[in-house]
Amino acid sequence: MEEAKDRAIQFEKELKALLKKWDTAIEIEDVGIGYSPDYVMKCYIDSIYKDGDCIAEYTEIDLGRYVDSD
């Protein structure tokens, strides 16, 4: 049987590879009002420039509070 710690290590490794591929990170942002925190996850992917021309636009991805495989 595969142990939980080994599964966690493999998942983290694959997630880090995906984040590295897209040169981004997952960030937690508080979108709540006043004393009512409400957190969402977001990724920000920088623009890509080549020879002074933008070849890929800046991208912001709102992952919300929960992300699954669907």
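The structure we're discussing is the one just above.
Residues numbered from 1 in each chain as written. Predicted model: local features only at pLDDT ≥ 70, side-chain atom pairs only at ≥ 80, totals over all residues. Heavy atoms only, no water.

Draft legend 1. Region of interest: the overall build of the chain. The secondary structure content of the chain amounts to one helix and five strands. Along the chain, helices (α) and strands (β) appear in the sequence α-β-β-β-β-β when read from the amino end. A globule of 70 residues ought to have a C-alpha radius of gyration of about 11 Å, yet the chain, at 16 Å, is considerably larger. Across the 70 residues in the chain, those meeting the buried criterion constitute 10%. Counting contacts in the chain only where the partners sit at least 6 residues apart, residues at least 24 apart contribute 11% of the total. When the accessible area of the chain is evaluated, it comes to approximately 6500 Å², of which 53% is carbon and sulfur surface. (Helix = DSSP H or I, 4+ residues; strand = E, 2+ residues; numbered from the N terminus. Rg over C-alpha atoms; globule rule 2.2 N^0.38 Å. Buried < 20%, exposed > 50% of the residue type's maximum accessible area, 1.4 Å probe, protein only. Contact = heavy atoms within 4.5 Å. Areas by Shrake-Rupley, 256 points an atom, 1.4 Å probe, with all protein chains shown as cover.)

Draft legend 2. Quick peek at the side chain of Lys 42. By secondary structure assignment, the location of Lys 42 is in strand β2 (residues 39–45). Take Lys 42: its relative accessible area is 10%, and that puts it in the buried class. Here Glu 60 takes part through its side chain, which lies 3.4 Å from a polar atom of the side chain of Lys 42. Not counting residues up to four positions away in its chain, the partners in contact with Lys 42 are Ala 25, Ile 26, Glu 27, Glu 29, Glu 60, Ile 61, Asp 62 and Leu 63. (Polar contact = N/O pair within 3.5 Å; in protein donor to acceptor, adjacent residues only side chain to side chain.)

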